[in-house]
Amino acid sequence: MAPNHPPRFLKIVDDARARIRETNVDEIKSRLDRGDKFILVDVREESEWAKDHLPGAIHMGKGVIERDVEAKVPDLNAEMVLYCGGGFRSALVADNLQKMGYTNVISMDGGIRGWREKGYPLTRE
């Protein structure tokens, strides 16, 4: 699944995944199509975000989200769906946000790569 990721990185991702909730690309697409209300957060690097991202997403990169999230999402019970390239970084971020007291954080397994493979819409706006 992630042949280019080193084993120690995968170990900490697996550790985080034991404590977080995950969903998949199809579920998030269905929820967006239904108009469900949640905060969609792209945790990739700024350069990745600039190329394209999911419609309606906000950007808070993995390197700064723990610092910036309280100002942007003060409600600890707000539903946040996090995504990255493939679902690894978003799992790590979800774990950290839970440690900060956020109670309704979900990582989208498959990330933008899975979204792209399905042909779902992307934007640069």
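Residues numbered from 1 in each chain as written. Predicted model: local features only at pLDDT ≥ 70, side-chain atom pairs only at ≥ 80, totals over all residues. Heavy atoms only, no water.

Caption draft 1: Main features of the overall build of the protein chain. Looking only at helices and strands, the protein chain has six helices and five strands in total. Going from the N terminus to the C terminus, the protein chain shows its helices and strands as α-β-α-β-α-β-α-β-α-β-α. In terms of overall dimensions, the protein chain is globule-like: its C-alpha atoms have a radius of gyration of 14 Å, near the 14 Å expected for 125 residues. Here the protein chain holds 125 residues, and 44% of them are scored as buried. Sequence separation of at least 24 residues holds for 69% of the intrachain contacts in the protein chain that already meet a minimum separation of 6. In the form shown here, the protein chain has an accessible surface area of approximately 6,900 Å², with 49% of it arising from carbon and sulfur atoms. Across the protein chain, the mean location of the 20 positive side-chain charges is 3 Å away from that of the 21 negative side-chain charges. (Helix = DSSP H or I, 4+ residues; strand = E, 2+ residues; numbered from the N terminus. Rg over C-alpha atoms; globule rule 2.2 N^0.38 Å. Buried < 20%, exposed > 50% of the residue type's maximum accessible area, 1.4 Å probe, protein only. Contact = heavy atoms within 4.5 Å. Areas by Shrake-Rupley, 256 points an atom, 1.4 Å probe, with all protein chains shown as cover. Lys, Arg positive; Asp, Glu negative; His and termini not counted. Charge placed at Lys NZ, Arg CZ, Asp CG, Glu CD.)

Caption draft 2: Representation of the nonpolar core. Ranked by size, the top nonpolar core spans 21 residues in total, and within it Ile-65, Val-69, Met-80, Leu-82 and Leu-97 carry the most contacts. Looking at this core, the element that brings in the most residues is helix H5 (residues 88-99), giving six residues. When sequence neighbours within four positions are dropped, the list of residues in contact with Leu-97 reads Ile-65, Val-69, Met-80, Leu-82, Tyr-102 and Val-105. (Core = buried A, V, L, I, M, F, W, Y, C linked by side-chain atoms within 4.5 Å.)

Caption draft 3: Expanded view of the pattern of salt bridges. Inspection of the entire model under this criterion finds 15 salt bridges. For Asp-33, the salt bridge is made with Lys-29, and the minimal N-O distance between the two is 2.9 Å. One end of the pair is Asp-33 and the other is Lys-29, both in helix H2 (residues 25-34) and four residues apart, which spans about a single turn. Taking the relative accessible area as the measure of exposure, Asp-33 reaches 57% and is therefore exposed. Here Glu-48 and Arg-89 are joined by a salt bridge, their closest N and O atoms 3.0 Å apart. Within this pair, whereas Glu-48 is found in helix H3 (residues 46-51), its partner Arg-89 is found in helix H5, the two being separated by 41 residues in sequence. One salt-bridge network, in which partners are shared between bridges, spans Glu-27, Arg-31, Arg-34, Asp-36 and Glu-79. (Salt bridge = Lys/Arg side-chain N within 4 Å of Asp/Glu carboxyl O.)

Caption draft 4: Up close: the pairing of strand S4 (residues 80-83). What you see with S4 is no split at all: Met-80 and Leu-82 on one side and Val-81 and Tyr-83 on the other are buried throughout. Where strand S2 (residues 39-42) meets S4, four bridges bridge the pair, whose relative direction is parallel. Note on S4: the bridge partner recorded for Val-41 is Leu-82. Bridge analysis of S4 against strand S5 (residues 105-109) gives three bridges, and the strand direction is parallel. Counted as the bridge partner of Val-81 is Ile-106 from S5. After leaving S4, the chain enters H5 and then returns to the sheet as S5, a path that is right-handed. (Pairing = 2+ DSSP bridges. Right-handed = clockwise from strand over helix to strand, strands pointing away.)

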